[in-house]
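Structural characterization, general
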Amino acid sequence: MARQPRRAIVAHPHHVLQRGHTRQAVFVDDDDRRQYLAWLLDAGAEHGLVVHAYVLLDAEVHLLATPERDDALSKAMQAVGRRYVRWFNRRHARSGTLWEGRFRSSLVEAARYLLACQRYIESSPVRAGRAASPADWPWSSHRHHAGLATDPRVRPHPTVWALGNTPFERESAYRRLFDEVASQAEHEWLLACLLGGKPTASTDFQKKLESSHGVRLLRRPVGRPRRLPPAGG
């Protein structure tokens, strides 16, 4: 079956996943993580990809990012991925594939699903058993959004800014988002959208983008259209 075409739409956030080949570790230690993040910042600045949220786990990377140009997402992810593979292989005396093919991405309807998606990303270390709370994992954007640290790689999305009129209000409201445990159904839906390359968005939102951007987002029935009965039959 042919792969679905990549859908990256300028000025809209995308949930991005890059995994290790056969789920192998892509980060052995903190030096690996620091180097990946440094090159992610470089690639984003060079190609026009704004990073709103991220998490680095042992075998995968999740990002929430907005492309400022048509090819920004693909070029930035390819640049950081290739550069990091060369460095990782030299550093750890290995060769061959590191990533699980191309990265996966899902367009996100910001008004309805951005906060849920960002909570999914920053809660990943807890679900993976790597931390007791999102704030305990240093390799994500959570501490920046929660007002616990400053991270130059992160530019909060306007949806996050809208949580409050002052930094204190925004950070308090953001922390409260994590007081609630998201449902398993929400997690499964967000992951299904990401792995399937489907928009994390409502049908109405997708129809509007199809009309305004001339793209196809909604899935159409496969096969010939059903034949209608003749008039008067």
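Let us look at the structure shown here.

What counts and what doesn't
Residues numbered from 1 in each chain as written. Predicted model: local features only at pLDDT ≥ 70, side-chain atom pairs only at ≥ 80, totals over all residues. Heavy atoms only, no water. Helix = DSSP H or I, 4+ residues; strand = E, 2+ residues; numbered from the N terminus. Phe/Tyr/Trp six-rings, centres within 6.5 Å; stacked < 30°, edge-to-face > 60°. Buried < 20%, exposed > 50% of the residue type's maximum accessible area, 1.4 Å probe, protein only. 1 Å grid on protein atoms, 1.4 Å probe; cavity = no way out; pocket = protein on both sides within 12 Å on 5 of 7 lines; lining within 4 Å. Points joined across faces, edges and corners; volume = space filled by probe spheres on them. Nonpolar A, V, L, I, M, F, W, Y, C, P; charged D, E, K, R; others polar. Salt bridge = Lys/Arg side-chain N within 4 Å of Asp/Glu carboxyl O.

Within the secondary structure, Pro167 is located in helix α7 (residues 167-177). Residues Pro167 and Ala146, 21 residues apart in the sequence, show an inter-C-alpha distance of 9.5 Å.

Moving on: the packing of aromatic side chains. Counted under the stated rule, the structure contains ten aromatic pairs. When the centroid spacing of 5.5 Å and the interplanar angle of 85° are considered together, the rings of Tyr36 and Tyr84 count as edge-to-face. Here Tyr36, found in helix α1 (residues 30-47), pairs with Tyr84, found in helix α2 (residues 72-91); they are 48 residues apart in sequence, far enough to count as distant. Assessed through its relative accessible area of 0%, Tyr36 is described here as buried. With relative accessibility at 0%, the residue Tyr84 sits in the buried group. Ring centres 6.1 Å apart and planes at 40° place the aromatic pair Tyr84 and Trp99 in the tilted group. With Tyr84 in helix α2 and Trp99 in the loop between α2 and β4 (104-107), the pair connects residues that are 15 residues apart, well separated along the chain. With a relative accessible area of 9%, Trp99 lands in the buried category.

Let's shift gears to empty space enclosed by the protein. One pass over the full model with this rule turns up one cavity of 30 Å³ or more. In this structure, the largest cavity occupies an estimated 30 Å³ of space. Forming the boundary of the largest cavity are Leu17, Gln18, Arg19, Glu100, Arg102, Phe103 and Arg104. Per-element accounting of the lining of the largest cavity gives the leading share, three residues, to strand β1 (residues 14-19). Considered class by class, the residues forming the lining of the largest cavity number two nonpolar, one polar and four charged.

Turning our attention to the pattern of salt bridges. Pairs can form between side chains of opposite charge once their charged atoms are near each other. For the structure shown, the criterion picks out 13 salt bridges. The salt bridge involving Arg91 is made with Asp31; its shortest N-O contact spans 3.3 Å. A residue pair is termed long-range when its members are at least 10 positions apart, and Arg91 in helix α2 and Asp31 in helix α1 qualify at 60 residues. Note on Asp31: relative accessible area 37%, which makes it partly exposed. One salt bridge connects Lys75 with Asp71, and the closest N-O pair in it is separated by 3.1 Å. You can call Lys75 partly exposed: its relative accessible area is 41%. Each of Asp29, Asp31, Asp32, Arg34 and Arg91 takes part in one network of salt bridges that share partners.

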